[in-house]
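Listed below, chain by chain, are the residues.
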Amino acid sequence: MLIVNGSAECMSTSADQVQGNRHGFNMFVKSDNLDDQLSIIEKHLIARGWDNIEITDNGLIENIEGINHSVLIEAFKKAQSEGLSVVVNNTALEVN
């Protein structure tokens, strides 16, 4: 499973995010090839109100053994069944 880390800009205000703020995200993608998945990742995030996407890191993870956070474990399981899942940190990133 591919794991992708990055940040994206919130395109509308909601209960948890403010339009224009950047938030970090973790995404699990069942396919292992990042290049083949970039357009799918972009479409998935844009459909959920995120744009100006920046991928900062990616790698492969075999199983949930190395994951300690319950939300990330659930996201991993969801990606196994649905193909991909994303977890967005509700705390906005600091702007320098």
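Our subject is the structure that appears above.
Residues numbered from 1 in each chain as written. Predicted model: local features only at pLDDT ≥ 70, side-chain atom pairs only at ≥ 80, totals over all residues. Heavy atoms only, no water.

Undergrad: Quick question: what am I supposed to make of helix H2 (residues 70-82) here?
TA: Since the α-helix packs 3.6 residues into each turn, any two residues three or four apart lie on the same face. The end-to-end C-alpha distance of H2 is 18 Å, a good match for the 18 Å that 13 residues give at a rise of 1.5 Å each. Every buried residue belonging to H2 is among Ile-73, Ala-75, Phe-76 and Ala-79, and all of these are buried. Along the axis of H2, the buried positions cluster into a sector of 160°, meaning they face one direction only. Residues of H2 that are exposed and point over 90 degrees away from its buried face: Ser-81 and Glu-82. On its buried face, H2 sits against strand S2 (22-29) and strand S4 (84-92). Directly beyond the C-terminal end of H2, a positive phi value near 100° is found at Gly-83. (Helix = DSSP H or I, 4+ residues; strand = E, 2+ residues; numbered from the N terminus. Expected span 1.5 Å × (residues − 1). Buried < 20%, exposed > 50% of the residue type's maximum accessible area, 1.4 Å probe, protein only. Arc of directions from axis to C-beta. Contact = heavy atoms within 4.5 Å.)

Undergrad: Where do I start with the nonpolar core in this structure?
TA: General note: in soluble globular proteins, nonpolar side chains tend to be found buried as a group. Residues Leu-2, Val-4, Ala-8, Cys-10, Phe-25, Met-27, Val-29, Leu-34, Ile-41, Leu-45, Trp-50 and Leu-84 constitute the largest nonpolar core, which totals 12 residues. Breaking this core down by element, the ones donating at least two residues are strand S1 (2-10), S2 and helix H1 (34-47). For this core, the element with the most residues is S1, which contributes 4 residues. Discounting residues that sit within four places of it in the chain, Trp-50 has contacts with Ala-8, Glu-9, Cys-10, Met-11, Gln-17, Asn-21, His-23, Leu-45 and Val-88. In this structure, Ile-67, Ile-73, Ala-75 and Phe-76 belong to the second largest nonpolar core, which totals 9 residues. (Core = buried A, V, L, I, M, F, W, Y, C linked by side-chain atoms within 4.5 Å.)

Undergrad: I'm lost on the pattern of salt bridges in this one. Help?
TA: Pairs can form between side chains of opposite charge once their charged atoms are near each other. Evaluation of the coordinates by the stated rule reveals 1 salt bridge. Across the pair Glu-74 and Lys-77 runs a salt bridge whose closest N-O atoms are separated by 3.9 Å. One end of the pair, Glu-74, and the other, Lys-77, are both in helix H2, 3 residues apart, so they sit about a helical turn from each other. What makes Glu-74 partly exposed here is its relative accessible area of 48%. We classify Lys-77 as partly exposed; its relative accessible area is 40%. (Salt bridge = Lys/Arg side-chain N within 4 Å of Asp/Glu carboxyl O.)

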